[in-house]
Amino acid sequence: MYFSKEWTDSLRLPDGRIVSSNYQLDKYLRDNDLSLSQDYSEAYLRSRRQHNEKVQKAELFSDFIHNYKRSIWND
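A brief structural summary. Source: prediction; values computed, not measured.

1. Brief notes about the overall build of the chain
Next up, step 1: Of regular secondary structure, the chain possesses two helices and two strands.
Next up, step 2: When the helices and strands of the chain are listed from N to C terminus, the series reads β-β-α-α.
Next up, step 3: Every one of the 75 residues in the chain was classed for burial, and the buried ones make up 11%.
Next up, step 4: Here the contacts in the chain between residues at least 6 apart in sequence split such that 3% fall between residues at least 24 apart.
Next up, step 5: Accessible surface for the chain amounts to roughly 6,900 Å². Of this, 54% is attributable to carbon and sulfur atoms.

Structure below.
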């Protein structure tokens, strides 16, 4: 965490909010799963890809279990 003072100019975000500090901008980026262009390093892209694969595997497993339980109870 870092300390920052308020900016002299405000920035309007796509959702209409106005931010006036780095903290507010970082919070918006975290909340919307976004990143600054300078953060797109090879390590960042690899971690995002691994995260997306993990989420997809969890969803597929959940769907499998749901269908399996449905097939057992409906027979």
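2. Details of the packing of aromatic side chains
By convention here, two paired aromatic rings are described through the distance between centres and the angle between planes.
Next up, step 1: Tallied over the full model, the rule gives one aromatic pair.
Next up, step 2: Geometrically, the ring pair formed by Phe64 and Tyr68 is stacked, given 6.3 Å between the ring centres and 20 degrees between the ring planes. With Phe64 and Tyr68 both in helix α2 (residues 42-74) and four residues apart, the pair spans about one turn of that helix.

3. Notes on the pattern of salt bridges
Next up, step 1: Taken as a whole and assessed by the stated rule, the structure comprises two salt bridges.
Next up, step 2: Here Lys27 and Asp31 are joined by a salt bridge, their closest N and O atoms 2.9 Å apart. Here the residue Lys27 and the residue Asp31 both occupy positions in helix α1 (residues 22-31), the gap between them amounting to four residues, near one helical turn.
Next up, step 3: Given a relative accessible area of 37%, Lys27 falls into the partly exposed group.

4. Considering the nonpolar core
Next up, step 1: Grouped together as the largest cluster of nonpolar side chains are five residues: Leu13, Val19, Leu25, Tyr28 and Leu29.
Next up, step 2: It is α1 that provides the largest number of residues to this core, a total of three residues.
Next up, step 3: When sequence neighbours within four positions are dropped, the list of residues in contact with Tyr28 reads Leu13, Pro14, Asp15, Arg17 and Leu34.

5. A look at a nonpolar patch on the surface
Next up, step 1: Side chains of Phe61, Phe64, Tyr68, Ile72 and Trp73 sit close together on the surface and give an oily, nonpolar patch of about 660 Å² of accessible area.
Next up, step 2: Position of Trp73 relative to the elements: it lies in helix α2.

6. Describing α1
Next up, step 1: Among the residues of α1, Leu25, Tyr28 and Leu29 are the ones counted as buried. For α1, the buried positions fall inside an angular range of 95 degrees around the axis, keeping them on one side.
Next up, step 2: Tucked into the core, α1 has its buried residues touching β1 (11-12) and β2 (18-19).
Next up, step 3: In the stretch just after α1, Asp33 is the one whose phi turns positive, near 55 degrees.

What counts as what
- Residues numbered from 1 in each chain as written.
- Predicted model: local features only at pLDDT ≥ 70, side-chain atom pairs only at ≥ 80, totals over all residues.
- Heavy atoms only, no water.
- Helix = DSSP H or I, 4+ residues; strand = E, 2+ residues; numbered from the N terminus.
- Buried < 20%, exposed > 50% of the residue type's maximum accessible area, 1.4 Å probe, protein only.
- Contact = heavy atoms within 4.5 Å.
- Areas by Shrake-Rupley, 256 points an atom, 1.4 Å probe, with all protein chains shown as cover.
- Phe/Tyr/Trp six-rings, centres within 6.5 Å; stacked < 30°, edge-to-face > 60°.
- Salt bridge = Lys/Arg side-chain N within 4 Å of Asp/Glu carboxyl O.
- Core = buried A, V, L, I, M, F, W, Y, C linked by side-chain atoms within 4.5 Å.
- Patch = residues over 30% accessible without salt bridge, like charges linked within 9 Å, V, L, I, M, F, W, Y side chains within 5 Å.
- Arc of directions from axis to C-beta.

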